[in-house]
Amino acid sequence: MNFEEIKWKMLWLKEKALSVANEAIEKWAEVIQNSSFTINDLEWLESFISKSKNYYNDVTKKEVSKRVIVIFAEKWSDFFKKALYILPVVYTKSWTRNIEIKIVDTWISWLDLLKYQTSILPSLVMFENEKVLKVVAGEEKINKIVTGLTLDIEKSVLEIA
């Protein structure tokens, strides 16, 4: 084999590897879209937000605040592809604070994003007592939460400007 044949073979292998990687990413993005991590129904969204309702603890005789996080994104956007590595990190951070988290497909019929104070996609919205507590709009700000070193997602979300 001469140098030109080796060069052509390496370029072909590179293209083949990239196409296989892209196919795998597309497949897993579709798996996330169809999984229990993604809300595809307005009733399911309202039910999930209702989990943020505060409750009274009989043992401690105090009201306990409950929070949930919803990430609004379009299911055909690149954000869903990036969710392959974003979602496990955010889920782990939310698990340490006992906060439930879901991704919402914004193609839900009758979904009014303004009701949730969201105009930019993707947006991370934290609810407390069934009300919007904090909105983190934009992929860059969501990435700050993901790449932050703290495991306290509440603190990370509330500190983002």
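The notes below deal with the structure included here.

Calculation criteria
- Residues numbered from 1 in each chain as written.
- Predicted model: local features only at pLDDT ≥ 70, side-chain atom pairs only at ≥ 80, totals over all residues.
- Heavy atoms only, no water.
- Patch = residues over 30% accessible without salt bridge, like charges linked within 9 Å, V, L, I, M, F, W, Y side chains within 5 Å.
- Areas by Shrake-Rupley, 256 points an atom, 1.4 Å probe, with all protein chains shown as cover.
- Salt bridge = Lys/Arg side-chain N within 4 Å of Asp/Glu carboxyl O.
- Helix = DSSP H or I, 4+ residues; strand = E, 2+ residues; numbered from the N terminus.
- Phe/Tyr/Trp six-rings, centres within 6.5 Å; stacked < 30°, edge-to-face > 60°.
- Buried < 20%, exposed > 50% of the residue type's maximum accessible area, 1.4 Å probe, protein only.
- Core = buried A, V, L, I, M, F, W, Y, C linked by side-chain atoms within 4.5 Å.
- Contact = heavy atoms within 4.5 Å.
- Polar contact = N/O pair within 3.5 Å; in protein donor to acceptor, adjacent residues only side chain to side chain.

Describing a nonpolar patch on the surface
On the surface, Ile6, Trp8, Met10, Trp12 and Leu13 cluster together into a nonpolar patch covering about 570 Å² of accessible area. Mapped onto the secondary structure, tryptophan 12 falls in helix α1 (residues 3-33).

A look at the packing of aromatic side chains
In the structure shown here, the tally under the stated rule is two aromatic pairs. Ring geometry for phenylalanine 72 versus tyrosine 116: centroids 5.4 Å apart, planes at 25 degrees, classification stacked. Highlighted residues: phenylalanine 72 in strand β4 (residues 67-73) and tyrosine 116 in the loop between β5 (100-105) and β6 (123-128), separated in sequence by 44 residues. A relative accessible area of 0% places phenylalanine 72 in the buried class. When its relative accessible area of 4% is taken as the criterion, tyrosine 116 is described as buried. Consider the rings of tyrosine 116 and phenylalanine 127, whose centres lie 5.9 Å apart with planes at 85 degrees: the pair is edge-to-face. With tyrosine 116 in the loop between β5 and β6 and phenylalanine 127 in strand β6, the pair connects residues that are eleven residues apart, well separated along the chain. Of the residues examined, phenylalanine 127 reaches a relative accessible area of 2% and is grouped as buried. By the ring-pair criterion, three or more aromatic residues cluster together here, those being Phe72, Tyr116 and Phe127.

Here's the deal with the nonpolar core
Within the largest apolar cluster, 21 residues are counted, with the highest numbers of intra-cluster contacts made by Ile69, Leu124, Val136, Ile145, Ile153 and Val157. Within the residue set of this core, elements represented by two or more residues are β4, α3 (78-96), β5, β6, α4 (139-147) and α5 (153-159). Ranked by the residues each element gives to this core, the list is headed by α3, at six residues. Dropping the residues within four chain positions of it, isoleucine 69 is found in contact with Phe48, Ile99, Glu100, Ile101, Lys102, Leu124, Val125, Met126 and Ile153.

What to know about the side chain of threonine 118
Here threonine 118 lies in the loop between β5 and β6. Only 3.1 Å separates the side chain of threonine 118 from the backbone oxygen of tyrosine 116, close enough to count as a polar contact. Not counting residues within four places of it along the chain, the set of residues in contact with threonine 118 comprises Phe72, Leu113, Ser123, Val125 and Val135.

Description of the pattern of salt bridges
The tally for this structure, following the rule as stated, stands at three salt bridges. One salt bridge in this structure joins glutamate 100 and lysine 51, with 3.3 Å as the shortest N-O distance. Taken together, the residues span a long stretch of sequence, with glutamate 100 in strand β5 and lysine 51 in the loop between α2 (42-49) and β2 (55-57) at a distance of 49 residues. We classify glutamate 100 as partly exposed; its relative accessible area is 31%. Linking arginine 67 and glutamate 128 is a salt bridge whose minimum nitrogen-to-oxygen distance equals 3.0 Å. Taken as a pair, arginine 67 in strand β4 and glutamate 128 in strand β6 lie far apart in primary sequence, 61 residues in all. Note on accessibility: arginine 67 and glutamate 128 belong to one class, buried.

The values are spatial; any link to function lies outside them.
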